[in-house]
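Here is what each chain is made of, one letter per residue.
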Amino acid sequence: VLSRMPDAGTDAEPSLHNEVTSSVRSRSWSSLREDVEGVWVLGSAVLRRRWFWEAVGIVTAVASTGYGLKSATEHIADEYADALARRLGGSEFLRRSSLYFLCFVAGLGLLVSVGSLARGRSSHQTAGNMSPWKTPLSPHIQSLGGRRAVSIGNAGVMPLLCRVFPAVNLYGWLVILFVTRIWSIPCFSWCMAALCIQMWWWLFKTSFFSIVGIVTVRKWLRRDWVRPYRKLLEQGKKPICHIVILPNYKEALEVLADTMAGLAASEIARECMVVVLAMEAREGKDAQEKAAVLKREFQGKFLEILETYHPSHVRGEVVGKSSNTQWAFRCVQSDWVNRQVEVKAWQKSQMVITISDADSIFHPDYFSALSIDAMELPEERLRWRLWQAPIWLLRNYFTVPAPTRLTGYTTSVAELGGLRSWFGCHITFSSYSVHYLLAEEVGGWDVDVIAEDHHMFCKCFFGSVYASAATEEYDQLDASQCFAQIELQRIFLPVKGYMVEAGDWWTSVVARFTQARRHTQGISEFAYVLLHYANLIRRAGSIIQIPLSTHEKIFQILYTMLGAHTFPYLHLTAMVLAATWGEWNEPTDCFTHSECGDWMTQLSCLIMVLNVYLFSIPVALNIVATLLVVLEGCGLSPNRQADNDDGHLWEKLTGGAPSLTLMRKVWFLFLQIALETAVMAAPALIGLGMVPELMACVSLARRGNAFKYVVAEKPSTHKQD
């Protein structure tokens, strides 16, 4: 199997166009047959190993001395159907057929994932190292041998294992849930109880800290940020130059103009802000015309306005926000930055790069608050700094379909709660800022990724670890000095953005599914962190000598990603399977069930049955937190309604025009949010979460980061505001 894997230095790479075309083609039966053949080849190779048969003998000998073998054969043949009917109850044929079908789907996904591993598919390998604009990394950040950066697109066994692991993990746990639901009630109850506890804690923590975060946001909104900024300048502190990169493709001119107007509302825009219009060359003359109009309209409102044109079909790139951002960064780095340093107008230590979505409206005080934080820090800490504001997708709250609206305010609450929380690790999302020296140190943005925000955070995290443990010998680290120096500073001045909206109700939901499919491709960053972690251990020489705090932070990042890409779907699946339990009508029934004899199993069963009651508290908190976020984000809070007409653009964005004036009432919003949460949460989680996630895991296992990037559709600005 290993001999069939291409070498890292092969030149037989297909073009990016062919990769993208291949990535969007539907799977054929011949490809599925290749997966089966790959599993067969791998199985045959294992069966020829002596150690395999020795292990089989040992396991068989141990199992034969206990009751494991007997209990495993009790449910075979005729007893299996009777046990299934007794446990499922109700319509035996329908429920059994549904369970078999779901188990078949989960098993098929697992087969495809293992097949990808066995065949070693790597048509996308080395994709991340072939762009002519790939910035050389610092020697202590280069890794995985040679001169190549860490990338799940690289050739080799470890990148392949990391690409396949997310699919094996998700589909494998789904199979476990289905199997234990049929054969072992105690095991299923244990899994269900663990998932309930995890999701209960996540929902409670997110909702509680979102409510606390609203209080913090209101304090930050009332604060005067310009005066302390001017005071620092009077004290001799050097100002901060903000380089705002605005990657876009086929965005409406009105949307870009609003984004530029939001940036121009900053008090320091004229003296300290450089806007980079990162256009795509494949858009043609439209991109040039939009750039010319924007430069003419906002002339004199910024320190400078630059424009870059990212060429299409660059070999090794995945077309999207990350590759466009990297092109703009390299153009600015090689031209404007070097020119400013030569004339001593600005130093690199004074520069901060902000990545903005095309529809993001920053609060006018965001850059002043960021400047204050940066000016007060010493350079050794500043160079490892990132900044993140809460992302509120509420600009068209009143005009989108209910499933889209549900995902929009859920994301807004989760982002605010994650930023304000005392626990875990929050990761940059959508629009964020990074210090120029940090971006330069890690080589900028990778050109072969989709989720550029999560990827950049993880890349900077491990870059700081490598830098702290660098030694004179290449590819060797001082394990005892592997500390993460990166810091994510919260700025509680929210950034407002659009939810997907495209014409009628159904078209908007389909567009939201397309966007969800792209967002779930962020599971690739889980594989990226695993690969970096394995590389860190290899270069350090010992996992034990790496500081415990570094292990803890890495596992926090992995846990955060699992919380977004795995746990909710496993919990939902377990709840659906538990709902088919026809025997237990009351929580106390679990204490008398024949298969729940010991007290620990009874406790797990009780937790499972009490699932609905246990979740009433965090769900109620979540509804309150959502209401507060919507009121604040749509300008409906009592202390802000009077200022909407006279304020700046950020203040005037009030969620669009509702069909009824009644929809802006607090009591109506509360009822709407509560009803949508109760009725639409599960369908939205399945259709706009679980299904795209299952597709993303298989896509990652088979094709890596090769993906067709589809820009989300935005509503007309004049229609909404």
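What you see is a predicted model; the values in this text were computed from it and never measured.

Criteria and thresholds
- Residues numbered from 1 in each chain as written.
- Predicted model: local features only at pLDDT ≥ 70, side-chain atom pairs only at ≥ 80, totals over all residues.
- Heavy atoms only, no water.
- Helix = DSSP H or I, 4+ residues; strand = E, 2+ residues; numbered from the N terminus.
- Expected span 1.5 Å × (residues − 1).
- Buried < 20%, exposed > 50% of the residue type's maximum accessible area, 1.4 Å probe, protein only.
- Core = buried A, V, L, I, M, F, W, Y, C linked by side-chain atoms within 4.5 Å.
- Contact = heavy atoms within 4.5 Å.
- Pairing = 2+ DSSP bridges.
- pLDDT = per-residue confidence, 0-100.

(A) Inspection of helix 10 (residues 253-264) at higher detail. Given a rise of 1.5 Å per residue, 12 residues ought to cover 16 Å, and the 16 Å separating the end C-alpha atoms of helix 10 matches this to within 8%. Buried within helix 10 are the following residues: Val 255, Leu 256, Ala 257, Asp 258, Thr 259, Met 260, Gly 262 and Leu 263.

(B) Up close: the nonpolar core. Core analysis: the biggest nonpolar cluster contains 164 residues, and Ile 243, Trp 336, Ile 353 and Tyr 397 have the highest contact counts within it. Those residues in contact with Ile 353, other than ones at most four positions away along the chain, are Ile 243, Ile 245, Phe 329, Tyr 432, Ser 433, Val 434, Tyr 436, Ala 439 and Trp 445.

(C) Spotlight on the pairing of strand 4 (residues 351-355). Counting buried residues along strand 4, five of its five residues qualify, which places the element largely inside the surrounding structure. Judged by which residues are buried, strand 4 turns out to be covered on both faces: Met 351, Ile 353 and Ile 355 on one side and Val 352 and Thr 354 on the other are all buried. Strand direction decides the pairing type here: strand 1 (residues 241-247) and strand 4, joined by five bridges, are parallel. Each residue of the ladder has a partner; that of Cys 241, found in strand 4, is Met 351. Here strand 4 runs beside strand 7 (residues 432-435); their pairing, made up of four bridges, is antiparallel. Within strand 7, the position partnered with Val 352 by the bridge is His 435.

(D) Highlighting the confidence of the model for the chain. Considering every residue of the chain, the mean pLDDT works out to 78; 72% of them sit at 70 or more. Throughout residues 1-28 the model reports pLDDT below 50, and contacts reaching past four residues in sequence, or to other chains, amount to 47 contacts. Low pLDDT (under 50) marks residues 584-588, which in the prediction has 12 contacts with non-local residues, meaning those over four places away or in another chain.

(E) Quick look at the environment of Cys 331. Here Cys 331 shows up in helix 13 (residues 321-342). For the pair Cys 331 and Leu 306, spaced 25 residues apart in sequence, the C-alpha to C-alpha distance is 9.8 Å. Those residues within four positions of Cys 331 in sequence are excluded, and the remaining contacts are Thr 308 and Trp 336.

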